[in-house]
Amino acid sequence: MSEKNRTTAVASGASIAVLAGGVGASRFLRGLVRMHQPADVTAIVNVGDDFTLHGLSISPDLDTVTYTLAEQINPETGWGRAGESWRVLTELGRLGGQDWFQLGDLDLALHLYRTQRRSEGASLSQVTSEIAASFGLELTLLPVSDDPIRTRITPAEPADAAEIDFQDYFVAQQHGISIRSVRFAGIETARPAPGVVESLEHSAVVVVAPSNPFVSIGPVVDVPGVRDILAQRRRSVVAVSPIVGGASVKGPAGAMMRELGHEPSVVGVARLYAEFAGTLVMDNADRDLAPAVLDAGMSPVVTDTIMSIPEQAVALARTTLHAMSGRARK
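J.: Which residues make up the overall build of the protein chain, and what values do they have?
T.: Tallying secondary structure elements over the protein chain gives 14 helices and 14 strands in all. What you see for the protein chain is a C-alpha radius of gyration of 19 Å, in line with the 20 Å of a compact globule of 330 residues. Along the longest, intermediate and shortest principal axes, the C-alpha atoms of the protein chain span 65 × 45 × 40 Å. Split into buried and exposed, the 330 residues of the protein chain put 53% on the buried side.

Now the structure itself:
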């Protein structure tokens, strides 16, 4: 499919691939599937956050996307299940077990199922498909890889600090420490999960959802082959900036950009993404930076990007797709 045909087809129910991380991406996807046929959407999700705790296989970003699209996300936290109970975690803490990562009873059931199926030989993508179907999701939900990828963080202090697991940094330490580097262990030999390459090559548009560029999008685009596919079709790749007014909407993206030597702004995002995405959707708060985004190599689209309510997510998704259709006509 040609670049022009890809982008012109967006408004007529063509397929859309979305590179996704956690909360911001989940909210964007919820808006997208409300205004576009869910069966035509494929979410390709970060697995760098995955880890094992209590012997259970936990995939935080996949689960956040699942719960959000199934309208079962905890609206106060943006993660975990709505209407949770915490009897297991409470008793675990009383016994002196590890209770720093909050797993509710319903959430535990999902992790138990994933662990069971993996022990039976099912791949992560197979289990993800089964879980998505059990929640009634109509879109295609894919881990970017079935192979283990683990995000590792090196703290800035002390000078000889050893790497720590991403969940240690993000949850146990509440991303309250400065960092020196980010590494994706295992990514060099990871392969795209079944369906990932096909979706990236044949979708009318690829959307980089508003997610942390380093620890949500990085472990997706750095899987061998993914960045090259995106770069070859960058005119039909559109990203939504997770940075508004020089700060991240949620999480440590802004701080990470600064600590890793990048400008913590929408311009900094453009410089990170310009190699593989041609358009950047940015917030009205950063309107004055649109010329700098253009200079960085991306076409700016200015709109409201905050998704406090589902209707705002629908509007953002509509603007994002419309921007791509409009550029195809030029």
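J.: Can you lay out the layout of surface pockets for me, pointing to particular residues and giving the numbers?
T.: Roughly 1,100 Å³ of internal volume is contained in the largest pocket. Around the largest pocket, the lining is made up of 45 residues, and of these Gly-22, Val-23, Trp-79, Phe-170 and Lys-250 lie nearest the centre. Every element with two or more residues in the lining of the largest pocket is listed here: α2 (23-35), α3 (60-69), α5 (105-119), α7 (166-172) and α9 (213-221). When grouped by side-chain class, the residues that make up the lining of the largest pocket number 21 nonpolar, 18 polar and 6 charged.

J.: I'd love a proper account of the pattern of salt bridges, names of residues and values included.
T.: Under the defined criterion, the tally for this structure stands at 12 salt bridges. Residue Glu-71 pairs with Arg-34 through a salt bridge whose shortest N-O separation is 2.9 Å. Remark: Arg-34 occurs in helix α2 and Glu-71 occurs in the loop between α3 and α4 (87-95); sequence separation between them is 37 residues. Of the residues examined, Glu-71 reaches a relative accessible area of 46% and is grouped as partly exposed. The residue Arg-117 makes a salt bridge to Glu-120 at a minimum N-O spacing of 2.9 Å. If you follow the salt bridges from partner to partner, you end up with Arg-30, Arg-34 and Glu-71 in one network.

J.: Outline the confidence of the model for the protein chain, supporting the account with residue identities and numerical values.
T.: Mean pLDDT over the protein chain works out to 93, with 95% of the residues at or above the 70 mark. Segment residues 1-9: pLDDT under 50, and 25 contacts once partners within four positions in sequence are set aside and those in other chains are kept.

J.: Residues and numbers for the sheet that holds strand β9 (residues 205-208), please.
T.: Read across the open sheet, the 7 strands follow the order β5-β2-β1-β9-β10-β13-β14; overall the sheet is parallel. A strand with exactly one partner marks an edge of an open sheet, and here the two such strands are β5 (140-143) and β14 (299-303). On average, each strand axis in the sheet is inclined to that of its neighbour by 20 degrees, with strand direction left out of account. Across 4 bridges, strand β2 (residues 41-45) lies against β5 in parallel orientation. Bridged to Ala-43 within β5 is Leu-141. Across the sheet, helix α12 (residues 266-273) is in contact with β9, β10 (237-240) and β13 (279-283); its angle to β13 comes to roughly 165 degrees.

Here is what the cut-offs are and how they apply
Residues numbered from 1 in each chain as written. Predicted model: local features only at pLDDT ≥ 70, side-chain atom pairs only at ≥ 80, totals over all residues. Heavy atoms only, no water. Helix = DSSP H or I, 4+ residues; strand = E, 2+ residues; numbered from the N terminus. Rg over C-alpha atoms; globule rule 2.2 N^0.38 Å. Buried < 20%, exposed > 50% of the residue type's maximum accessible area, 1.4 Å probe, protein only. 1 Å grid on protein atoms, 1.4 Å probe; cavity = no way out; pocket = protein on both sides within 12 Å on 5 of 7 lines; lining within 4 Å. Points joined across faces, edges and corners; volume = space filled by probe spheres on them. Nonpolar A, V, L, I, M, F, W, Y, C, P; charged D, E, K, R; others polar. Salt bridge = Lys/Arg side-chain N within 4 Å of Asp/Glu carboxyl O. pLDDT = per-residue confidence, 0-100. Contact = heavy atoms within 4.5 Å. Pairing = 2+ DSSP bridges. Axes fitted to C-alpha atoms, helices over the stretch in contact; angles between N-to-C directions.

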